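Residue-level listing of the chains:
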Amino acid sequence: MSAPIRKAVFPVAGLGTRFLPATKAMPKEMLTVVDRPLIQYAVDEAREAGIEHFIFVTGRNKAVIEDHFDVQYELEATLSGRGKSEALALLAKDLPKPGSTSFTRQQVPLGLGHAVWCARELVGNEPFAVLLPDMVMKGEPSCLRQMVEAYNETGGNVLAVSECDPAETNQYGVVGIGAELTNAAFRINAMVEKPKPEVAPSNLYINGRYILQPQIFDLLSKQEKGAGNEIQLTDAMLRLMEKQYFYGCRFDGEVYDCGNKVGFLAANVAFALSRPDIAEEFRPEIERLMGPKA
């Protein structure tokens, strides 16, 4: 039996320079898709997958993320006094249970691999999930839940993958397809960072969701700096793949890269159009902005 996935790590120490000046004083993870911060989507996804402990790897000027997952007494008192019961219920629904969140600092920006390594004491010696909040997933069941279901069958390490245009493999970390194990999962036999289309092992890219075994921490502690002069998680995963199996889980849903402006705007439109409370009013606005059909 595989050990259950109880903990999830959220690397949220990035500076968000692609969204300046909006992120000058506000963490990029608090940018909103419709009316929910990016980090809330990732936490909701983890909660749906059965995660019990939410670990945030933060940096300077990120205290508002911790505040977001805490009780806001003044706000709740004001809402209660004004009879805003629906808003109060919404806040209560999103609030993690006491003691289920932990925060640790990544004092220096040394890359994703280093951010994950910073969570080692909080994770301990058990498998765990990693969710990149920039990557917002839209699907039912959630991406991480699909991964956990695959993990329960395969064990090992599981990476969520999605299809990209074969001509755009040089923008992603791409995996090679080995033996097919289930309808959604296959054994990964290669991981290549940003390969040229003519040499890419497939058009399946790692979309920002990982289930990893704790042995990754020892490898990260000895990992030399790689691309961008940073400690790369992919480099450590390649070393771990020499000793353990990695599996790919094809995510049945949409992925929005909210680390760039176009993906962020697309996510806002997609989620707004799927909201019963605003879609009816919003759709005509989109059609008006698009102009008359040719």
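For clarity, every value in this text was computed on a predicted model and none was experimentally measured.

Caption draft 1: Molecular detail of the state of the cysteines. For the coordinates displayed, the defined rule picks out 0 disulfides. Its sulfur unpaired, Cys258 is 14 Å from the next cysteine sulfur, which belongs to Cys143. Residue classification places Cys258 among the buried residues on the basis of a relative accessible area of 2%.

Caption draft 2: Representation of unusual backbone geometry. With an omega dihedral of 5 degrees, the bond running from Leu20 to Pro21 counts as a cis peptide bond. In this structure, Pro21 sits in the loop between β1 (7–11) and β2 (32–33). Cis geometry is adopted by the peptide bond preceding Pro141, which originates at Glu140 and carries an omega value of -5 degrees. Turning to its location among the elements, Pro141 is positioned in the loop between β7 (135–138) and α7 (143–154). The phi torsion at Val34 lies on the positive side, around 60 degrees, for a residue other than glycine. Tracing the chain through its elements places Val34 in the loop between β2 and β3 (36–37).

Caption draft 3: Summary view of the nonpolar core. Membership of the largest hydrophobic core comes to 66 residues, with the highest contact counts inside it found for Phe10, Leu144, Leu212, Ile216 and Met237. Apart from residues lying up to four places away in sequence, Ile216 is in contact with Phe128, Leu233, Ala236, Met237 and Leu240. Grouped together as the second largest cluster of nonpolar side chains are 12 residues, Phe19, Tyr256, Cys258 and Phe271 included.

Caption draft 4: Fine view of the environment of Ala49. Mapped onto the elements of the fold, Ala49 is located in the loop between α1 (38–48) and β4 (53–58). On the basis of relative accessibility, which here comes to 12%, the residue Ala49 falls in the buried class. The sequence separation of Ala49 and Glu149 amounts to 100 residues, and the corresponding C-alpha distance is 8.8 Å. Aside from chain neighbours lying at most four places away, what touches Ala49 is Leu144, Arg145 and Val148.

Caption draft 5: Focus on the packing of helix α10 (residues 261–273) against helix α11 (residues 279–290). Running from N to C, α10 and α11 cross one another at 135 degrees; their axes reach a closest spacing of 8 Å. Accordingly, the angle class assigned to the pair α10 and α11 is oblique. For the pair formed by α10 and α11, the contact residues are Val269, Ala272 and Leu273 on the first element and Ala279, Phe282, Arg283 and Ile286 on the second. A breakdown of the residues in the contact of α10 with α11 according to their chemical character gives 6 nonpolar, no polar and 1 charged.

Caption draft 6: Local environment of the confidence of the model for the protein chain. Per-chain confidence: the protein chain averages 91 in pLDDT, with 97% of residues scoring 70 or above. Here helix α4 (residues 85–94) is the element of the protein chain with the lowest mean pLDDT, 87, and strand β6 (residues 128–131) is the one with the highest, 98.

Caption draft 7: View of the pattern of salt bridges. Here the structure, examined in full by the defined rule, presents 15 salt bridges. The salt bridge involving Arg36 is made with Asp94; its shortest N-O contact spans 3.0 Å. Separated by 58 residues along the polypeptide, Arg36 in strand β3 and Asp94 in helix α4 bring together distant segments of the chain. Look at Arg36 and you get buried, because its relative accessible area is 15%.

Caption draft 8: Local environment of the environment of Leu181. Within the secondary structure, Leu181 sits in the loop between β9 (173–180) and β10 (185–193). With relative accessibility at 37%, the residue Leu181 sits in the partly exposed group. For the pair Leu181 and Tyr247, spaced 66 residues apart in the sequence, the C-alpha separation amounts to 9.1 Å.

Caption draft 9: Structural view of α11. For α11, spanning 12 residues, the distance from its first C-alpha to its last is 16 Å, which sits close to the expected 16 Å at 1.5 Å a residue. With 1 of 12 residues buried, α11 is to be regarded as a mostly surface element. Positive backbone phi, at 85 degrees, marks Gly291, one or two positions downstream of α11.

Caption draft 10: The side chain of Glu126, seen in detail. For Glu126, the location among the structural elements is in the loop between α6 (120–123) and β6. The exposure class assigned to Glu126 is buried, which follows from its relative accessible area of 15%. Excluding anything up to four places from it in sequence, Glu126 contacts Pro4, Arg6, Lys7 and Pro214.

Definitions and limits used
- Positions within a chain are numbered from 1, following the residues in the order the chain's sequence is written.
- Residues qualify for local features only when their pLDDT is at least 70, as the model is predicted, and side-chain atom pairs are given and counted only at 80 or more; totals for whole chains, interfaces and linings, by contrast, use all residues.
- Excluding hydrogens and water, the side-chain figures rest on all heavy atoms present in the structure.
- Any two cysteine sulfur atoms within 2.5 Å of one another count as a disulfide.
- Buried residues are those whose accessible area, probed at 1.4 Å on protein chains only, stays under 20% of the maximum for their type, while exposed residues exceed 50% and partly exposed ones sit between those limits.
- Helix numbers and strand numbers start at the N terminus; a helix is a DSSP run of H or I with at least 4 residues, a strand a run of E with at least 2.
- Remark: nonpolar core denotes a set of buried residues (Ala, Val, Leu, Ile, Met, Phe, Trp, Tyr, Cys) joined through side-chain atoms within 4.5 Å.
- A contact between two residues is defined here by any heavy atoms of the two lying within 4.5 Å.
- Between N-to-C directions, angles span 0 to 180 degrees; the directions come from axes that are lines fitted to C-alpha atoms, helices contributing only their stretch in contact.
- Orientation categories follow fixed angle ranges, with anything under 35 degrees roughly parallel, anything over 145 roughly antiparallel, 65 to 115 roughly perpendicular, and all other angles oblique.
- In this classification, Asp, Glu, Lys and Arg are treated as charged, Ala, Val, Leu, Ile, Met, Phe, Trp, Tyr, Cys and Pro as nonpolar, and every other residue, Gly included, as polar.
- The quantity known as pLDDT measures the predictor's confidence residue by residue, on a range of 0 to 100.
- For this analysis, a salt bridge means a side-chain nitrogen from Lys or Arg found within 4 Å of a carboxyl oxygen belonging to Asp or Glu.
- The length a helix should cover is 1.5 Å for every residue beyond the first.

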